[in-house]
Amino acid sequence: MYKSISIPLVCLLLINAGLLVGQKNIYYSNLPHYNFGKGVGLTSPDSIFQFNVRFRIQNRFEIEKPSGKPYNFKGQVRRLRLRFDGYVGDPRFLYVLQLSFSPGDVGQIEDGENLNLIQDAVVSYRYSKRLNIGFGQTKLPGNRQRVNSSGALQLTDRSIVNGRFNIDRDFGFFANWVHEKKNQFSWNLRSSISTGDGKNFTRSPDNGLAYTAKAEILPLGQFSKDGGYFEGDLSREVTPKMMLSVAMHYNHKAKRQSGVLGDDLYEYRNLRSVLADFLLKYRGWAFMATYMNRHTGNPVTLNELGQSKLVYTGHGSDVQASYLSRSGLEIISRLSMLRPSKEVRLFFPNQTQWVVGLTKYVWEHAFKLQLEAGVDRFTPSEPAPYFGFYTRFQIEMGI
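Parameters at a glance
- Residues numbered from 1 in each chain as written.
- Predicted model: local features only at pLDDT ≥ 70, side-chain atom pairs only at ≥ 80, totals over all residues.
- Heavy atoms only, no water.
- Salt bridge = Lys/Arg side-chain N within 4 Å of Asp/Glu carboxyl O.
- Helix = DSSP H or I, 4+ residues; strand = E, 2+ residues; numbered from the N terminus.
- Buried < 20%, exposed > 50% of the residue type's maximum accessible area, 1.4 Å probe, protein only.
- Contact = heavy atoms within 4.5 Å.
- pLDDT = per-residue confidence, 0-100.
- Core = buried A, V, L, I, M, F, W, Y, C linked by side-chain atoms within 4.5 Å.

The next thing to look at is the pattern of salt bridges. The tally for this structure, following the rule as stated, stands at 19 salt bridges. A salt bridge links Asp157 to Arg79, with the nearest nitrogen and oxygen atoms 3.2 Å apart. Placement of the pair is Asp157 in the loop between α3 (144-147) and α4 (160-165) and Arg79 in strand β4 (residues 72-88), with a sequence separation of 78 residues. The salt bridge involving Glu231 is made with Arg144; its shortest N-O contact spans 3.4 Å. One end of the pair, Glu231, is in the loop between β10 (210-218) and β11 (241-256); the other, Arg144, is in helix α3, and 87 residues separate them in sequence. Residue class for Arg144 comes out buried when judged on its relative accessible area of 4%. Connected via shared salt-bridge partners are Arg60, Arg78, Arg79 and Asp157.

Position of Ser273 among the secondary structure elements: in strand β12 (residues 264-282). The contact partners of Ser273, leaving out residues within four places of it in the chain, are Ala247, Met248, His249, Asn293 and Arg294.

Glancing now at the confidence of the model for the chain. Overall, the predicted model of the chain reaches an average pLDDT of 89, with 89% of residues at or above 70. Contacts from residues 1-29, a stretch scored under 50 in pLDDT, to residues over four places away or in other chains number six contacts.

This part takes up the nonpolar core. If you look at the biggest cluster of nonpolar residues, it comprises 15 residues, and the most contacted ones within it are Val161, Phe165 and Leu338. Per-element tally for this core: the top contributor is α4, with three residues. Among residues more than four places away in sequence, those in contact with Leu338 are Ile160, Val161, Arg164, Phe165, Tyr312, His315, Gly316, Asn350 and Gln351. In terms of nonpolar packing, the next biggest core, distinct from the first, is built from five residues, Phe223, Met243, Leu279 and Met288 among them.

Right, dumping it as structure tokens:
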């Protein structure tokens, strides 16, 4: 009896499954609606909430040759991230949560110190199509390479200039006004008021805040598929697209060496930064240039014993060029220069880095293979210059 009932039941289920596959808009009203657009997501039947999940992993092997030292071999999970986003109650009320699990992200476990497990945790309100207001921890509106996801880079990592001067993540209030149009002059304004202490910072509160403002100009109209926020011309823009941006950042009573990053200083310092970018894309070609600086009245802080901790002040610049073939193979080159100010020149040498890379995109930035080689030239006050070399292979995969 059970066998005779089960056969028609299975047939009925298979017919219904075929209808669901063949007609994308047909689904049971009492079950969530699934999608596989950007990540894997579901929307409740009554549209009260939407939940989307993504992951990405970067596996890296590196051969490094510091000046005067033997070769080093490194293998690591460079990044391992989980990201969740969506809305609750109303599509205007959005959330983004990103967690990191790799050792390089989380950092060393120390008593009394917070883990850097939380990268982003921000809720926002989309007031209109153009205005978005946020509250929580996320990236400050800084330089283009920092605002880009690390998964959307052409080379295996951001530049040495970004490493010295970027303003990274912080907790605070954010506002964005987006005014982009296709093939027309466009502009965006982004701003934030934040703690100035960096992500996951809960020690020793102070009465200083950080203020950031950024303007983006797109004289030839918006990029295809948000191409202003990933590297390389994967969209193969049919007409030239250009972005110029300038960000200004003031960190009042900063307690860390780089404001939102670095070790604690012995004394507070007011830090001022300017971050400027240029981006051009056309038919597989891409060109980027960056200038960044940081200044303060006195970069040297002292404790009662006369020991010192320094703020890295000075400026740096990058130029990066690339060409992407129709087969998905891209060649990239980058030149970066760091120039510390005279107040800290004794402790930090001038640094120039040349990098060349080859990237094979299997599925855009979500699945790619990267090979990169670089040479660093360090020029201290004295004695002679010295060099360092590295080669990296990296695989990135995610959804």
